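# Fold and geometry: a report
One letter stands for each residue in the lines below.
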Amino acid sequence: HFPLSAKLSLAIVDPIYYILYPNMIESEKTENIIFNNHLQVKDSYRFIFSPTNDFSLVEEMIKDDPDLKDIDNRKIE
């Protein structure tokens, strides 16, 4: 998932593995937005952007798991 704006994100998936994945998902449910934000924080390596300058979710996630801010610890080999 790659956020394009506050209301739109791009998901790039393997079409064979995710054959039933819909072409478009519309969701304004808060829990879905928070879930996708968690994925973005978890998978970010250098930068996190916020249109509202609110990084409380990031701070909370790093507090719960300090390894999230360690770039070397999160590399895939």
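In case you missed it, the structure is sitting above this.
Residues numbered from 1 in each chain as written. Predicted model: local features only at pLDDT ≥ 70, side-chain atom pairs only at ≥ 80, totals over all residues. Heavy atoms only, no water.

### A word on the overall build of the chain
The helix and strand inventory of the chain stands at two helices and two strands. Going from the N terminus to the C terminus, the chain shows its helices and strands as β-β-α-α. Counting over 77 residues, the chain shows a buried share of 8%. Look at the contacts in the chain between residues 6 or more apart in sequence, and 36% of them connect residues 24 or more apart. Element-wise, carbon and sulfur atoms account for 57% of the exposed surface of the chain, whose accessible area totals about 7400 Å². (Helix = DSSP H or I, 4+ residues; strand = E, 2+ residues; numbered from the N terminus. Buried < 20%, exposed > 50% of the residue type's maximum accessible area, 1.4 Å probe, protein only. Contact = heavy atoms within 4.5 Å. Areas by Shrake-Rupley, 256 points an atom, 1.4 Å probe, with all protein chains shown as cover.)

### Brief notes about the environment of His38
Among the structural elements, His38 can be located in helix H1 (residues 30-43). As a C-alpha pair, His38 and Val58 span 20 residues in sequence and 8.2 Å in three-dimensional space. In this structure His38 touches Leu57 and Met61, once residues within four positions along its chain are discounted.

### A closer look at the side chain of Ser44
One can find Ser44 in the loop between H1 and helix H2 (56-64). On the basis of relative accessible area, Ser44 is assigned to the buried category, the value being 15%. Polar contacts involving the side chain of Ser44 include one to the main-chain carbonyl oxygen of Gln40, which spans 2.4 Å. (Polar contact = N/O pair within 3.5 Å; in protein donor to acceptor, adjacent residues only side chain to side chain.)

### Quick look at a nonpolar patch on the surface
Taken together, Phe2, Leu4, Leu8, Leu10 and Ile12 make up a surface patch of nonpolar side chains, about 550 Å² in accessible area. Along the chain, the position of Leu8 falls in the loop between strand E1 (2-3) and strand E2 (9-10). (Patch = residues over 30% accessible without salt bridge, like charges linked within 9 Å, V, L, I, M, F, W, Y side chains within 5 Å. Salt bridge = Lys/Arg side-chain N within 4 Å of Asp/Glu carboxyl O.)

### Let's talk about a negative patch on the surface
On the surface, Glu60, Asp64, Asp65, Asp67 and Asp70 cluster together into a negatively charged patch. Relative to the elements of secondary structure, Asp64 occurs in helix H2. (Lys, Arg positive; Asp, Glu negative; His and termini not counted. Charge placed at Lys NZ, Arg CZ, Asp CG, Glu CD.)

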